[in-house]
Amino acid sequence: MISLRAKLSFWLASSLIVLLVLQWSIASVVIQQLVEAQLVDRLSQDAESLLSGIDFTAQQPDMLDTARVSGVYQRPFSGHYYVIRTTMQAEYSRSLWDSRLHVPEVEPGDQTLLRVRGPEKQPLLVAAHGYRKQGQSVTVAVAEDLTAINAGVRQFRLIHGVISFVILLALLGLQYYIVTHALRPLHKIRTDMRRLESGEIERIDAQRAPLEITPLIAELNRLLSTMSRKTRRSREALGNLAHALKTQLALLGQVAAHPQLNASPDLQTALRDTGENMRRIVERELKRARLLGAALPGKRVDLQHEIAALVKTLQMMYADKQIVMDWQVADDACYDGDQEDMLELLGNLLDNACKWCRQEMRLTVEGGEDLRLMVEDDGPGCEPDELGELTRRGFRLDESKPGSGLGLAIVKDIVDSYGGTIAFLSSPDLHGLRVEVQLPHAPRTSRPMNKKMAP
Amino acid sequence: MRLLLVEDDPALGPGIQTALQQAGYAVDLSVDGIDAEAQGDIEPYDLAILDLGLPGRPGLSVLSNWRSRGNRLPVVILTARGSWQEKIEGFQAGADDYVGKPFQMEELLARIGAVLKRSQGINPGPLAYAGIALDEATQAVTTASGAQWQLTGTEYRLLRYFMLHPGRLLSKTELTEHVYDNDSDKDSNVIEVYVNRLRNKLGGDLITTRRGQGYVFGAGAA
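Residues numbered from 1 in each chain as written. Chains lettered and ligands numbered in written order. Predicted model: local features only at pLDDT ≥ 70, side-chain atom pairs only at ≥ 80, totals over all residues.

K.L.:
What is the right way to read the overall build of chain B from this model?
P.N.:
A tally of regular secondary structure across chain B gives eight helices and twelve strands. Classification of the 222 residues of chain B by burial places 43% in the buried group. Partitioning the intrachain contacts of chain B with sequence separation of at least 6 by distance along the chain shows that 56% fall at a separation of at least 24. (Helix = DSSP H or I, 4+ residues; strand = E, 2+ residues; numbered from the N terminus. Buried ≥ 20, exposed ≤ 12 C-beta atoms within 10 Å, placed from the backbone. Contact = placed C-beta atoms within 7 Å.)

As structure tokens, this is what we get:
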């Protein structure tokens with residue numbers, strides 16, 4: 001699993017850092033070079049003016065007329081020094097005091113740059129120029145202390161670095177916002193998907209989605225609607241088939257009951273039994289085929305509402321029996337499968353309970369991790385060794401009451417198609433049968449993510 | 001008891017009609033939703049048996065139209081649409097019972113009998129009044145003295161109507177309407193003949209004549 005967000009953030013942040021470090025380094029180097037070039041320029045000018053003060057013809061011990069030399073070269077350890085060398089002698093500025101600078105001789109017309117340690121171990125930049133004056137080769141080297149300049153450059157670097165860092169932070173913040181903002185539609189779609197699964201919405205809104213994922217959403221919506229249309233159509237077709245077959249079977253039943261057949265009761269029984277078997281097959285198989293199971297994202301079923309309607313219906317159906325129907329649905333109970341499946345499941349369970357109860361029937365629906373349905377009645381219940389037989393197709397433990405014996409078998413089919421469990425017990429309160437059904441929630445492909453992950 | 005049977009299947013409809021007639025009901029058959037709705041509003045039926053998949057107008061619409069106009073005609077839905085969803089919709093539309101196809105005729109008759117009794121506020125079970133018991137399966141009556149009489153079709157229908165409406169003044173016209181179907185030759189004078197036959201079997205004081213008005217069965221007769 002890759003996260004678009006993490007990937008985008010990582011690469012954007014990395015490139016941003018590299019870029020800023022690079023520009024900072026280049027700026028530092030360039031500024032250093034610029035400052036030094038200026039310094040060298042100034043040193044050259046100083047060298048030129050020193051050169052003009054040199055006179056070999058005066059026959060003085062000093063070659064240089066010190067009166068013409070700038071004051072900074074006179075003050076000891078001022079940071080500005082010079083050395084004038086000929087082949088015979090060397091003359092040092094007064095500022096050097098009694099320390100000496102070692103400068104190589106430079107050919108006339110050449111220039112050499114040196115970095116040496118000065119009298120107080122300061123770093124010096126020395127520009128040595130070679131000249132020819134009055135027929136003599138002379139090397140004029142002018143040096144300047146780099147401490148102040150270096151400090152200036154360092155300060156510049158520091159300030160520049162701090163500003164770059166602040167800019168980096170600001171850009172990272174901006175980038176975080178941009179990434180989050182750009183990916184917000186995706187997050188919305190993820191939320192929509194969850195709502196789709198839980199049946200709160202029927203399709204994903206492509207209106208505000210970015211251009212890049214609109215085709216994806218459109219395709220998903222198309223698939224969803226095709227699927228639900230196909231399901232609806234096949235359900236309708238199955239319903240019509242069942243309808244047609246059952247009408248014909250009703251006719252067959254009438255034929256079997258025709259007075260002309262009274263003479264041959266064997267034939268009558270055979271006809272009736274065949275019809276009854278066909279009816280069971282149609283009922284069971286078509287109901288089974290109509291089951292949706294947890295395949296499609298369903299519409300959220302309002303359990304309270306559906307159960308109320310169902311109980312009302314059963315009260316009408318068993319109006320003569322005056323059954324006390326007690327039902328309770330926990331607030332957190334929710335079901336996100338197919339509504340018709342749920343009605344079929346509950347309808348058959350409650351119908352069975354109503355059929356067998358003396359006068360009381362109870363339904364409890366509990367939520368939580370799984371959906372739990374419990375149906376109890378105060379009827380005769382069931383022998384422990386017969387409990388397993390209850391869901392067998394067409395099996396009727398008591399032939400004395402009308403019914404196809406299919407109800408609980410259909411319930412079992414529905415429970416199986418949802419991957420749930422069903423258990424038949426005896427009711428401790430009502431002393432009749434107690435049926436417990438447990439339905440797991442539809443497996444979520446996208447469980448709600450950690451809160452911290454969601455933007 | 002006069003029933004309206006609404007069933008569009010050309011073979012099943014007449015079949016059920018015959019079976020219901022044999023069970024002692026006057027039955028009109030309608031094969032179309034629109035006609036059925038009009039008939040149910042005009043004729044004084046005691047109960048309607050309604051298929052849901054009808055040409056012209058779906059059975060559920062027919063039923064809700066009746067109910068929205070205040071027609072309280074008891075309705076038993078007879079359909080091959082057997083899902084719980086459809087059952088709930090049927091009852092919500094105002095049905096009194098719901099029988100799934102295919103069905104056993106005995107079951108349909110039992111349900112019709114139960115709905116008829118319920119609609120008259122009479123307890124379910126065998127129809128009995130003042131020691132007189134009417135066996136709906138054999139169409140025989142047992143009097144308070146223990147004597148048993150086999151009834152003819154019309155006698156049975158008439159007595160059952162009386163027993164379902166004890167203590168109520170019933171005009172000859174009303175009795176005729178509920179005992180005969182549309183196709184019968186209705187002559188209200190015939191009712192007098194049948195009332196007299198019933199008096200012979202059950203004793204003279206059970207059915208009293210209100211001159212110019214009609215008959216009263218049982219209590220309130222005095």
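K.L.:
Could you clarify how one ought to interpret the overall build of chain A in this entry?
P.N.:
Helix and strand content of chain A: seven helices and ten strands. Here chain A, with 455 residues, has 26% of them falling under the buried criterion. Within chain A, contacts between residues at least 6 apart in sequence are counted, and of these 59% link residues at least 24 apart.

K.L.:
It is not clear to me how the interface of chain B and chain A should be interpreted in this structure. Could you clarify?
P.N.:
By convention, interface size is frequently given as the accessible area that disappears when the constituent parts associate. Between chain B and chain A, the residue contacts involve 24 residues of the former and 26 residues of the latter. When contributions to the side of chain B that touches chain A are tallied by element, the ones reaching two or more residues are α1 (12-22), α4 (84-93), β5 (97-100) and α5 (105-119) of chain B. Among the elements that line the side of chain B that touches chain A, the one with the most residues is α4(B), at six residues. Its residues placed into classes, the side of chain B that touches chain A shows twelve nonpolar, five polar and seven charged. (Nonpolar A, V, L, I, M, F, W, Y, C, P; charged D, E, K, R; others polar.)

K.L.:
Would you mind showing me how to read α5(B) here?
P.N.:
Because an α-helix completes one turn every 3.6 residues, residues spaced three or four positions apart along the sequence face the same direction. Residues and elements named next belong to chain B. Compared with the 21 Å implied by 1.5 Å per residue over 15 residues, the 21 Å span of α5 between its first and last C-alpha is a close match. Among the residues of α5, Leu108, Ile112, Gly113, Val115 and Leu116 are the ones counted as buried. Seen along its axis, α5 keeps its buried residues to an arc of 165°; they face one direction. As for α5, its buried residues are in contact with β3 (47-50), β4 (75-79), β5 and α6 (153-164). Among the residues trailing α5, Gly121 stands out with phi positive, at a value near 70°. (Expected span 1.5 Å × (residues − 1). Arc of directions from axis to C-beta.)

K.L.:
So what exactly am I meant to see when it comes to the sheet that holds strand β10 (residues 433-440) of chain A here?
P.N.:
The strands making up a sheet are joined through hydrogen bonds of the backbone, oriented either antiparallel or parallel. Residue and element names in this part refer to chain A. Read from one edge to the other, the open sheet built from five strands follows the order β6-β7-β8-β10-β9, with strand pairing classed as mixed. With partners counted over all chains shown, the strands left at the sheet margins are β6 (324-329) and β9 (421-426), one partner each. Neighbouring strand axes in the sheet, compared pairwise and without regard to direction, differ in orientation by 10° on average. Pairing of strand β7 (residues 360-366) with strand β8 (residues 370-377), which is carried by six bridges, proceeds in the antiparallel orientation. Paired with Val365 across the two strands is Leu373, which belongs to β8. The strands touched by helix α6 (residues 339-356) are β7, β8 and β10; relative to β8, the strand with the most contacts, the crossing angle is about 15°. (Pairing = 2+ DSSP bridges. Axes fitted to C-alpha atoms, helices over the stretch in contact; angles between N-to-C directions.)

K.L.:
Looking at this structure, how should I read the nonpolar core?
P.N.:
Within soluble globular proteins, side chains that are nonpolar tend to cluster in buried spots. Grouped together as the largest cluster of nonpolar side chains are 105 residues, with contacts concentrated most on A:Leu350, B:Leu3, B:Leu5, B:Ala48, B:Leu50 and B:Leu159. For this core, the element with the highest residue contribution is α6(A), accounting for nine residues. The contact partners of A:Leu350, leaving out residues within four places of it in the chain, are A:Leu310, A:Leu314, A:Met361, A:Leu363 and A:Val375. Ranked by size, the runner-up nonpolar core spans 26 residues in total, among them A:Leu43, A:Leu101, A:Val106 and A:Ala128. (Core = buried A, V, L, I, M, F, W, Y, C linked by C-beta atoms within 7 Å.)

K.L.:
Whenever I open this one, the pairing of β4(B) confuses me. Can you help?
P.N.:
Residue and element names in this part refer to chain B. Within β4, five of the five residues are buried, leaving the element largely enclosed by the surrounding structure. A two-sided burial pattern is seen for β4, the buried positions comprising Val75, Ile77 and Thr79 on one face and Val76 and Leu78 on the other. In this structure, β3 lies alongside β4, joined through three bridges in parallel fashion. Residue pairing for β4: Leu50 is matched across the bridge by Ile77. As for the winding sense of the linkage, the β-α-β connection from β3 through helix α3 (residues 59-68) to β4 is right-handed. (Right-handed = clockwise from strand over helix to strand, strands pointing away.)

K.L.:
What exactly am I supposed to notice about the pairing of strand β2 (residues 26-30) of chain B here?
P.N.:
A regular strand carries its side chains on alternate faces of the sheet. Residues and elements named next belong to chain B. Within β2, four of the five residues are buried, which leaves it mostly tucked inside the rest of the structure. In terms of strand pairing, strand β1 (residues 2-6) meets β2 through five bridges, oriented parallel. What sits directly across from Leu3, in β2, is Val27.

K.L.:
Which parts of the structure should I look at to understand the sheet that holds strand β9 (residues 148-150) of chain B?
P.N.:
Residue and element names in this part refer to chain B. Read across the open sheet, the four strands follow the order β6-β7-β8-β9; overall the sheet is antiparallel. Unpaired on one side and paired on the other, β6 (127-129) and β9 mark the two borders of the sheet. When the angles between neighbouring strand axes are averaged without regard to direction, this sheet yields 20°. Relative to strand β7 (residues 132-135), β6 is paired through three bridges, and the arrangement is antiparallel. Along β7, the bridge assignment pairs Tyr129 with Ile132.

K.L.:
Before we go on, may I ask you to explain the environment of A:Glu144 in this structure?
P.N.:
Residues and elements named next belong to chain A. Of note, Glu144 is situated in strand β5 (residues 136-145). Note on Glu144: 25 C-beta atoms within 10 Å, which makes it buried. Each C-alpha atom, one on Glu144 and one on Leu124, is 5.4 Å from the other, the two residues being 20 residues apart in sequence. Look past the residues within four positions of Glu144 in its chain and what remains in contact with it is Leu39, Leu43, Gly79, His80, Leu124 and Leu125.

K.L.:
Help me understand helix α7 (residues 407-417) of chain A in this model?
P.N.:
Residue and element names in this part refer to chain A. Judged by how many residues are buried, α7 sits mostly within the fold: eight of eleven residues are covered. Of the positions making up α7, those classed as buried are Gly407, Leu408, Ala409, Ile410, Val411, Asp413, Ile414 and Val415. Looking one or two places after α7, you find Gly419, whose phi comes out positive at around 70°.

K.L.:
Help me understand the confidence of the model for chain A in this model?
P.N.:
Close inspection of predicted coordinates is inappropriate for parts of the model with low pLDDT. Residue and element names in this part refer to chain A. Residues with a pLDDT of 70 or more make up 89% of chain A, whose mean pLDDT is 82. Averaged pLDDT values for the elements of chain A fall to 83 in helix α4 (residues 265-290) and rise to 91 in helix α1 (residues 4-52). Scored below 50 in pLDDT, residues 443-455 makes eleven contacts in the model with residues more than four places away or belonging to other chains. (pLDDT = per-residue confidence, 0-100.)

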